[in-house]
Amino acid sequence: MSTPSILTPSGRVLTPQEAVVDTAFWQLLRQFSWAGAALHLLYIPLFLSFGARTLAAASVGSVGLLAVATVLQRIGRTQGSFWVLLGGVAAHALFGVWSLGWDSGLWWPLVGLLPAIILHTRLTEDIRWRAAVCLIAGCVTLRLGSQLAAPLHELPPVVLETLMQANLLMALVMLMTLAKVSRRLTDETTTQLGELLQRDSLTRLDNRRHWTLQAQARLDARPAAGEDGELPPEGLLTVAVADLDGFRLINERCGHEAADRSLSGIARVLRDNLRTTDLVGRWGDEEFIVMMSGLDMPEAFERIEALRNRIAQLGVPQAYGQLPVSATIGLAEIVPGESLSAAIRRAERALVEGKGAGGNRVVSAQPPTPASSGRAGTAPEAPAVALTDAADA
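Residues numbered from 1 in each chain as written. Predicted model: local features only at pLDDT ≥ 70, side-chain atom pairs only at ≥ 80, totals over all residues. Heavy atoms only, no water.

1. Considerations on a nonpolar patch on the surface
A contiguous nonpolar patch, built from Ile136, Val140 and Leu144 and spanning about 270 Å² of accessible area, is present on the exposed surface. Here Ile136 is to be found in helix H5 (residues 125–148). (Patch = residues over 30% accessible without salt bridge, like charges linked within 9 Å, V, L, I, M, F, W, Y side chains within 5 Å. Areas by Shrake-Rupley, 256 points an atom, 1.4 Å probe, with all protein chains shown as cover. Salt bridge = Lys/Arg side-chain N within 4 Å of Asp/Glu carboxyl O. Helix = DSSP H or I, 4+ residues; strand = E, 2+ residues; numbered from the N terminus.)

2. A closer look at unusual backbone geometry
Of note, the phi angle at Arg204 is positive, near 65 degrees, even though the residue is not glycine. Although it is not a glycine, Asn360 sits at a positive phi angle of roughly 55 degrees. Within the secondary structure, Asn360 sits in the loop between helix H11 (340–356) and strand S9 (361–365). Accessibility expressed as a relative area gives 19% for Asn360, which makes it buried. (Buried < 20%, exposed > 50% of the residue type's maximum accessible area, 1.4 Å probe, protein only.)

3. Let's talk about the UniProt feature "transmembrane region" (unreviewed entry) in the chain
With numbering matched to this structure, UniProt assigns "transmembrane region" (unreviewed entry) to residues 56–75 and 82–100. End C-alpha to end C-alpha, residues 56–75 measures 29 Å, and it is 95% helix and 0% strand. (UniProt positions renumbered as here; feature names shortened; annotations may be inferred.)

4. What about the pattern of salt bridges?
With the rule as written, the count across this model stands at nine salt bridges. Asp206 is the salt-bridge partner of Arg199, the closest N and O atoms lying 2.9 Å from each other. Judged by its relative accessible area of 31%, Arg199 is partly exposed. The class for Asp206 is buried, based on a relative accessible area of 7%.

5. Brief notes about the pairing of strand S3 (residues 237–244)
In terms of residue burial, S3 counts as a mostly covered element, since eight of its eight residues are buried. Burial along S3 is two-sided: Leu237, Val239, Val241 and Asp243 facing one way and Thr238, Ala240, Ala242 and Leu244 facing the other are all buried. Here S3 pairs with strand S5 (residues 287–293) via seven bridges, running antiparallel. Opposite Val241, over in S5, you have Ile289 as the bridge partner. Sheet topology note: the S3/strand S8 (residues 327–333) ladder contains seven bridges and is antiparallel. Within S8, the position partnered with Asp243 by the bridge is Thr328. (Pairing = 2+ DSSP bridges.)

6. What about the packing of aromatic side chains?
Counted under the stated rule, the structure contains five aromatic pairs. Considering the side-chain rings of Tyr43 and Phe47, the 5.6 Å spacing of their centres and the 35 degrees angle between planes classify their relative orientation as tilted. Taken together, the positions of Tyr43 and Phe47, both in helix H1 (residues 16–49) and four residues apart, correspond to about one turn of that helix. Taking 4.5 Å as the distance between ring centres and 25 degrees as the angle between the ring planes, the aromatic pair formed by Trp107 and Trp108 counts as stacked. Looking at Trp107, the relative accessible area reads 10%, which means it is buried. Members of the aromatic cluster, each reached through a chain of ring pairs, are Trp102, Trp107 and Trp108. Taking the ring centre of Trp283 as reference, the NZ or CZ of Arg208 above it sits at 3.9 Å. (Phe/Tyr/Trp six-rings, centres within 6.5 Å; stacked < 30°, edge-to-face > 60°. Lys NZ or Arg CZ within 6 Å of the ring centre and 35° of its normal.)

Encoded structure:
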């Protein structure tokens, strides 16, 4: 399922991919806020037990800042929430390393915030990278400063190790969340690319390339004919090529938008009235193609004729009424030994004959002669024969 676009307070609309990152960004900060508040609540009695009242007071202040950041997120002041959170974490890391030293690990939350800054889609790229560089520089400065000056408070090594592990764990959780976001974004992007490669953007039907691959695979997998030359029922395959009548007229009278609506309407009729086992795709500008299996020619013809009737019930609105929509359809059975391209050519020739006869009809092609059932370069196929048309119905 695709993610809807998001309108930022600055008025910029985020793309679906950016919206995924943006949503995950605020989830990441909320998780960070809750985890940070829980840790600082644990720090307060710990620091008090060792007489470090200044550190306990700093932890109380950190909990307050995290609460303010959470409230700002809830009321929609997301930018303010981000800067309050970033400033609070930076101040606590500075004060914590100054008070307890580098081994306390109170600088680890800064590392966890680094990918959050890069993910912040509502900031310009320049601001994001400047903030990231400042964060890295701050960590390096803290490290150098801790080597030059002794900490203000001395805590037992086991307590320092516990602090280190707790802060490291919080940073790792944030990085794991980032990895989850990246995986989700990658999966959604891959899905969208797959859709672009396989689907026609207007009709949402299979495009020509994907339809051909599926149809050829089905043709290759069908069972062989028996000794009598007859195919089993599951091996029967028919192909139909449909062309919208008067498409140029619809474009000229009603415009491209109306023409697109007529194509979408035909695609909807095909999707709604064909079986799930049938293959349907967009073959050209105003052409569609269908492969049906398990039907002999009379049965296939009956289904295609029903589709033609349903298409004829569509209409394109215009200033002086509905402009009728119709389609001419060529139908051919794929005989044993015949290639997919040869069968499609027979269906297209039947379609041309139907157009010449006035359109809005289904035309069935005669089976090919034995010499014409192969690939390009063979003898001409037998002429198509119209079985029915709108005038006869």
